[in-house]
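Tertiary structure, described
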Amino acid sequence: MPIFLILTLIATFEMSFRKTLFTKKTLIVGISLVIFGLIGYAIFPHENIRDLLFGIWEKQHGILLPIALIWTWYLISLISKKEQNTLSTIILCSWGIIALISIVEGIFGYNIFTGAAFQTTGSWWDVRATATLGNPNYVAGYLLILIPLSLSYIKRWEKYILVFLLFVGILMTKSVIGVSLAVAFLVFLVGKHFLGKRVYIVFPILVLVLFSLVFYRYGDTEKWLSLSSRFVLMKETVSLSTEYPLHTLFGYWPNGVIEMYAWVRSKKIDAYFPPESTIDSSHNVFLDIAIKYGLLWLSLLIGFIAIQWWKLETYAKYGLVLGFLFFSLNVIVVSHLIVMVFLLVVKKLQA
């Protein structure tokens with residue numbers, strides 16, 4: 001998070017040399033973001049302003065995170081299509097590096113940075129690749145979001161090699177959610193190629209079949225317990241969040257989930273999560289936003305995405321759908337959010 005904020009400041013400094021940054025629109029966006037932060041402090045004052053700005057616990061997802069993401073979207077929207085293509089190339093290069101690291105770790109079973117053998121065990125194989133992100137699910141989610149970009153941006157046959165490497169990289173993470181979404185998306189693309197619009201009728205059936213296969217394979221394993229625990233967490237979070245109408249509307253702000261479970265934890269939650277563990281996310285991006293910033297800001301976000309949706313390139317839509325589906329069952333990660341913000345800028349060329 002600190003690195004993201006520093007890079008955002010550097011990007012702002014770079015853009016300040018361009019006349020396009022000094023406009024009435026820039027002033028409105030900047031003032032709106034400042035007001036957004038002040039509203040949160042006015043409604044629910046924090047004794048420690050640092051906790052409000054940077055958040056608490058290891059992820060540091062404070063009020064500066066949504067502000068920086070919105071500002072990043074605005075900065076990217078100011079650059080030319082050529083510069084956006086350059087960013088696409090940089091993103092795909094980073095993806096390629098992470099995919100290769102994931103594959104090496106998965107095949108050889110050791111961390112290439114330290115040379116140490118992995119101690120992590122999973123329900124598929126003994127090793128789950130973590131690449132540069134420190135968590136196998138984070139790696140799977142990052143690679144997953146970039147599948148549509150690689151298929152669309154690279155026009156030559158090399159894209160199939162890259163997609164193959166990406167899929168293998170996801171496979172090395174042993175993330176059931178990541179692998180399932182990747183398989184479902186590739187099946188969707190093949191079905192769309194051969195069936196056209198009829199794929200929207202057939203695809204839901206295929207998804208149910210895939211879900212049944214996953215349940216058959218992992219129904220009695222630790223993997224399924226991990227997945228089911230997230231739904232329990234979501235249900236308990238909704239129950240707690242609706243007890244106070246004012247908070248339901250305006251949220252508990254950045255540290256809301258942590259503070260909520262610091263106040264009260266049911267026996268059901270403790271049965272799935274160790275009592276001494278800190279719960280800082282509901283494992284659902286929409287619910288997290290609703291808890292932290294309220295139904296009001298969640299509605300504004302959904303409305304903004306809906307307005308932008310019809311202007312976006314098809315591959316950007318696919319990437320966003322995969323990202324939101326993945327984060328509907330996982331903790332949000334800043335690196336992934338940056339890519340999704342970029343996809344929200346990629347618009348169709350005007351005829």
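Below or above, wherever it landed, is the structure these notes cover. (Residues numbered from 1 in each chain as written. Predicted model: local features only at pLDDT ≥ 70, side-chain atom pairs only at ≥ 80, totals over all residues. Heavy atoms only, no water.)

Regarding helix 17 (residues 334-343)
Judged by how many residues are buried, helix 17 sits mostly within the fold: eight of ten residues are covered. Of all the positions in helix 17, only Val334, His336, Leu337, Val339, Met340, Val341, Phe342 and Leu343 are classed as buried. (Buried < 20%, exposed > 50% of the residue type's maximum accessible area, 1.4 Å probe, protein only. Helix = DSSP H or I, 4+ residues; strand = E, 2+ residues; numbered from the N terminus.)

A closer look at unusual backbone geometry
What is expected of a backbone is that most residues other than glycine have negative phi and most peptide bonds are trans. In this model, Lys174 sits at a positive phi of 55 degrees, which is unusual for a non-glycine residue. As for its position among the elements, Lys174 is in the loop between helix 8 (158-173) and helix 9 (176-195). Of note in the backbone geometry, His283 takes a positive phi value of approximately 65 degrees without being a glycine. Here His283 lies in the loop between helix 14 (267-272) and helix 15 (285-309).

Re helix 16 (residues 314-326)
The first and last C-alpha atoms of helix 16 sit 18 Å apart over 13 residues, in line with the 18 Å expected at 1.5 Å per residue. By the criterion of burial, helix 16 is predominantly enclosed, with ten of the 13 residues buried. The set of residues buried in helix 16 consists of Tyr315, Ala316, Lys317, Tyr318, Gly319, Leu320, Leu322, Gly323, Phe324 and Phe326. (Expected span 1.5 Å × (residues − 1).)

Points about the packing of aromatic side chains
Between two aromatic rings, the relevant description is the distance of the centres plus the angle of the planes. Enumeration according to the criterion identifies ten aromatic pairs in this entry. Ring geometry for Phe36 versus Trp253: centroids 5.3 Å apart, planes at 40 degrees, classification tilted. In this pair, Phe36 sits in helix 2 (residues 24-43) while Trp253 sits in the loop between helix 12 (245-250) and helix 13 (256-263), placing the two residues 217 residues apart along the sequence. Each member of the pair, Phe36 as well as Trp253, is classed as buried. Taken together, a centroid distance of 5.8 Å and an interplanar angle of 85 degrees make the contact between Phe188 and Tyr318 edge-to-face. Of the two residues, Phe188 is situated in helix 9 and Tyr318 in helix 16; the sequence distance between them amounts to 130 residues. The buried category is assigned to Phe188, whose relative accessible area is 8%. For Tyr318, a relative accessible area of 18% gives the class buried. In textbook terms, an aromatic cluster arises when at least three aromatic residues are bridged by ring pairs, as seen for Phe36, Trp253, Tyr293 and Trp297. (Phe/Tyr/Trp six-rings, centres within 6.5 Å; stacked < 30°, edge-to-face > 60°.)

Nothing here speaks to function; it is geometry throughout.
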